[in-house]
Amino acid sequence: MNRLITAARDTAARIDAATPAHRDRAVDALRAFAVAGVVLGHWLVTALVADGRTLRAASPLQHLPWLAPVSWAFQTLAVFFLVGGHVATRSYASARERGVPYRRWLHARLARLFGPVVAVLGLWTVVTLTLLLSDAEYATVRTLVKLALSPMWFLLVFAALTAATPLVARLHPLWPLAVVLHVDVLRFGFGAPDGLGWLNLAAGWLVPYTLGAAWTRGELESRRPGWVLLGGGTAATAALVAWAGYPAAMVGVPGAEVSNLNPPTLAAVTFGLAQCGLALLLRDRLRRAMRRPLAWAAVALVNLSAMTVFLWHQTALMATTATLLPAGPLPGLHTVPDGLGWVAARLPWLMVFALALAVCGAAFRTWEQGGGRRRRVRPSRVVRAHRPMTERTPHV
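Residue numbers restart at each chain and count upward from 1, following the sequence in its written direction. Only residues with pLDDT of 70 or above have their local features reported here, since the model is predicted, and side-chain atom pairs are shown and tallied only from 80 upward, although totals for entire chains, interfaces and linings are computed over all residues. Hydrogens and water are ignored here; the side-chain numbers use all heavy atoms of the structure.

Caption draft 1: The nonpolar core, seen in detail. Counting 84 residues, the largest nonpolar core has Phe81 and Leu311 as the members making the most contacts within it. Throughout, a residue-residue contact means that at least one pair of heavy atoms, one from each residue, lies within 4.5 Å. Not counting residues within four places of it along the chain, the set of residues in contact with Phe81 comprises Phe154, Val157, Phe158, Leu161, Trp205, Pro208 and Tyr209. What is meant by a nonpolar core is a set of buried Ala, Val, Leu, Ile, Met, Phe, Trp, Tyr and Cys residues, joined one to another through side-chain atoms within 4.5 Å. Each residue's exposure class comes from its accessible area (1.4 Å probe, protein chains only) as a fraction of the maximum for that residue type: buried when under 20%, exposed when over 50%, partly exposed otherwise. Residues Ala12, Met290, Ala297 and Ala300 belong to the second largest nonpolar core, which totals 9 residues.

Caption draft 2: Main features of empty space enclosed by the protein. In this analysis the probe radius is 1.4 Å and the grid spacing 1 Å, with only protein atoms considered; a cavity is a set of points the probe fits into but cannot get out of, a pocket is an open set with protein on both sides within 12 Å along at least five of seven lines, and lining residues have an atom within 4 Å of a point. Grid points are joined across faces, edges and corners, and a volume is the space filled by probe spheres set on the points. Counting across every chain of the model gives 1 cavity of 30 Å³ or more. By volume, the largest cavity amounts to about 40 Å³. To qualify as a helix, a DSSP run of H or I must reach at least 4 residues; to qualify as a strand, a run of E must reach at least 2; elements of each kind are numbered from the N terminus. If you list the elements that add at least two residues to the lining of the largest cavity, you get helix H12 (200-216) and helix H14 (266-281). Residues are grouped as follows: Ala, Val, Leu, Ile, Met, Phe, Trp, Tyr, Cys and Pro are nonpolar; Asp, Glu, Lys and Arg are charged; every other residue, Gly included, is polar. Of the residues assigned to the lining of the largest cavity, the class counts are 7 nonpolar, 2 polar and no charged.

Caption draft 3: Up close: helix H5 (residues 77-97). Working rule for helices: expected span equals 1.5 Å times residues minus one. The terminal C-alpha atoms of H5 lie 30 Å apart, and with 21 residues this matches the ideal 30 Å at 1.5 Å per residue to within 8%. For H5, a buried count of 17 out of 21 residues is recorded, marking the element as mostly surrounded by other parts of the structure.

Caption draft 4: Broad picture of the packing of aromatic side chains. Two rings belonging to Phe, Tyr or Trp (six-membered ring only in the last case) form a pair when the distance between their centres is within 6.5 Å. Interplanar angles under 30 degrees mark stacking, angles over 60 mark edge-to-face geometry, and anything in between is tilted. Under the counting rule described, the total for this entry stands at 15 aromatic pairs. Considering the side-chain rings of Phe81 and Trp205, the 5.1 Å spacing of their centres and the 15° angle between planes classify their relative orientation as stacked. Note that Phe81 is positioned in helix H5 and Trp205 in helix H12, a separation of 124 residues in sequence. An identical accessibility class is assigned to Phe81 and Trp205; each is buried. Through a chain of ring-to-ring contacts, the aromatic side chains of Phe80, Phe81, Trp153, Phe154, Phe158, Trp205, Tyr209 and Phe310 assemble into a single cluster.

Caption draft 5: Up close: the environment of Ala95. Of note, Ala95 is situated in helix H5. Given a relative accessible area of 1%, Ala95 falls into the buried group. A sequence separation of 10 residues divides Ala95 from Trp105, and the C-alpha atoms of the two residues are 6.9 Å apart. Setting aside residues up to four positions removed in sequence, Ala95 forms contacts with Val100 and Trp105.

Caption draft 6: Looking closely at the packing of helix H7 (residues 117-133) against helix H8 (residues 138-149). The interhelical angle for the contact between H7 and H8, taken along N-to-C directions, is 175°, at an axis separation of 11 Å. Put simply, H7 runs roughly antiparallel to H8. Residues Val120, Leu121, Trp124, Thr128, Leu131 and Leu132 of H7 touch H8, and the partners they reach there are Val141, Leu144, Val145, Ala148 and Leu149. Residues of the contact of H7 with H8, tallied by class, amount to 10 nonpolar, 1 polar and no charged. Working convention: axes come from line fits to C-alpha atoms, limited for helices to the stretch in contact. Angles between N-to-C directions cover 0 to 180 degrees. Orientation is classified from the angle alone, with under 35 degrees giving roughly parallel, over 145 giving roughly antiparallel, 65 to 115 giving roughly perpendicular, and any other angle giving oblique.

Caption draft 7: Representation of the pattern of salt bridges. We count a salt bridge whenever a side-chain nitrogen from Lys or Arg sits within 4 Å of a carboxyl oxygen from Asp or Glu. In this structure the tally under the stated criterion is 7 salt bridges. Of the charged contacts, one joins Asp28 and Arg31 as a salt bridge, the two residues approaching to 3.1 Å between their closest N and O atoms. In this pair, Asp28 and Arg31 both sit in helix H2 (residues 25-45), 3 residues apart, roughly one turn of the helix. Across the pair, Arg31 and Asp28 agree in class, each one buried.

Next comes the structure, spelled out in structure tokens:
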């Protein structure tokens, strides 16, 4: 045990020493927090219930709506887009200073973003065809594929905002916020078609993205904007839930009439503003905390594999559930999430999911580094000591 502790400390010290002194470690810490929030949130509120030969998706929030505050801790997408807007606008400004054309800048960022997707799509194409040819229930196949590919929507939205960075770099966040407000008024106040809500898929996440751009411009350096966002976002969200009929859960709940996330509602956006305010207020504390080698090493390792973790965490959950299905309905894994007993039984399974995710990471992490092509792996941009770098695209 002492040897393991010593080895961990030595590794952490090497990672700390290899990190450029000018790197803002708070950005990486926020990204790691957002990754952990999404993964743990999905693992806690996504259940695959065995119903005969069929697996169907369920959520404890269906049966225990008073657990909705759990979703407030793990719905961290606004932090993704805050960091994403900050990093992208910094990167684009640096590229312009160095004379890098927009097309080349965008290609580099999107290649890094979409490279790992090829492995996920390839594997699930094979799995889907195998299941269909083996006469598996169509409902089961549909559930599995939907869960596996659900993270892809983020990549499409993030890619679109990344491409639009030169146009939105100086856009005030109030403009997309006004779009979200008007869309919701039309949908919920005047009975406009629900399809109109999908305008918020871009406008809603553009709000934290443009806040990230404002961070780059130095407009959010004082603590006042953070307090305004935290206080105003919290008050607005509470009012919308209490008096305007918005759901309390900030994630999708199977069977619910209205989802705050699909597409984003005004409540989800104001909640995101509160999250962004808290993130901005925590920057200095995170910078101090990241001076500790062990803490920084953990954050750096998450960032190095963030895309792999994001893309494969649902596959890890489903692989564990399906593999153990012959063992019978296991509490917290195959059973209906209708009580606190299920929640208590679910917690130990998180470690099993993490081990399955580690296997996926070991098998597919090369796709994150080089798109699966056999070539020399590029040095890490998180812990590169010998030359300055620009923050890379935030991973999720």
